[in-house]
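# Understanding the architecture of this molecule
Here is what each chain is made of, one letter per residue.
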Amino acid sequence: MKKVIFCGLVLLATACNVAPTKTDVENNLKSAMNSYLNTQPGIDSAKVKFNIQTVTYFEDTTFYECEFKVKETRGNWDTIGVMTARVSKDFVTVKRKS
């Protein structure tokens, strides 16, 4: 009887751990990069705005390898470019590649 209860609890615990959807991951990656770019020291957020257009990513064991299409706006001037970065699985740490 104890084995049945234990197996039931293990099954319940693993069933509740839902994997994030692709859309959730993309939105979290965009949000992490947007936050990183707009809060860097030396960036005047009143003059320069970054907006993440798209993200392409590869999931590794501890991070996401990402390529972002970014729109930068300064007053009447804007440009679109590509930035690459590694984002941790918890979407807190962003490390840009040069």
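The structure this text deals with has already been given above.
This section reports on the structure supplied with the text. Quick caveat: nothing in here was measured; it's all calculated off a predicted structure.

Below, the discussion takes up the pattern of salt bridges. Tallied over the full model, the rule gives 5 salt bridges. When the shortest N-O distance is used, the salt bridge between K89 and E59 registers 2.5 Å. Residue K89 is located in the loop between β3 (77-88) and β4 (94-96), and its partner E59 is located in strand β1 (residues 48-59); the two are separated by 30 residues in the primary sequence. Owing to a relative accessible area of 29%, K89 belongs among the partly exposed residues under this scheme. Classification of E59 by relative accessible area gives partly exposed; the value is 46%. Each of E65, R86 and K97 takes part in one network of salt bridges that share partners.

What follows is about helix α2 (residues 22-38). The first and last C-alpha atoms of α2 sit 24 Å apart over 17 residues, in line with the 24 Å expected at 1.5 Å per residue. Regarding α2, the residues found buried are V25, L29, A32, M33 and L37. Across the axial projection of α2, the buried residues extend over an arc of 125°, all falling on one side. Of the surrounding secondary structure, the elements contacted by the buried residues of α2 are β1, β2 (63-74), β3 and β4.

Ranked by size, the top nonpolar core spans 17 residues in total, and within it L29, M33, L37, C66, F68, V70 and V87 carry the most contacts. Secondary structure elements with two or more residues in this core: α2, β1, β2 and β3. The element that contributes the greatest number of residues to this core is α2, accounting for 5 residues. Not counting residues within four places of it along the chain, the set of residues in contact with L37 comprises I43, F50, I52, V70, M83 and R96.

Reading across the sheet, the 4 strands line up as β1-β2-β3-β4 and stay open at both edges, with antiparallel pairing between neighbours. This sheet does not close on itself; its edge strands, each paired only once, are β1 and β4. The sheet shows a mean angle of 35° between the axes of neighbouring strands, direction not considered. The strands that α2 touches are β1, β2, β3 and β4; relative to β1, the one it contacts most, it runs at about 140°.

Quick notes on the rules
- Within every chain, residues take consecutive numbers counted from 1 along the sequence as written.
- In keeping with the model being predicted, local features are shown solely for residues with a pLDDT of at least 70 and side-chain atom pairs are shown and tallied solely at 80 or more, while totals for entire chains, interfaces and linings include all residues.
- Think of the side-chain values as coming from all heavy atoms in the structure, minus any hydrogens and water.
- We count a salt bridge whenever a side-chain nitrogen from Lys or Arg sits within 4 Å of a carboxyl oxygen from Asp or Glu.
- A run of H or I in DSSP counts as a helix once it spans at least four residues, and a run of E counts as a strand once it spans at least two, with each numbered from the N terminus.
- A simple rule labels every residue: compare its accessible area, found with a 1.4 Å probe on the protein chains alone, to the largest value its type can have, and call it buried under 20%, exposed over 50%, or partly exposed in between.
- Any helix carries an expected span of 1.5 Å times its number of residues minus one.
- This arc describes the spread of directions from the helix axis toward the C-beta atoms.
- Contact between two residues is taken to exist if any of their heavy atoms lie within 4.5 Å; hydrogens are not considered.
- The set of buried Ala, Val, Leu, Ile, Met, Phe, Trp, Tyr and Cys residues whose side-chain atoms join them within 4.5 Å is what this entry labels a nonpolar core.
- Here, strands pair whenever DSSP counts at least two bridges between them.
- Comment: axis = line fitted to C-alpha atoms, over the contacting stretch for helices; angle = value between 0 and 180 degrees taken between N-to-C directions.

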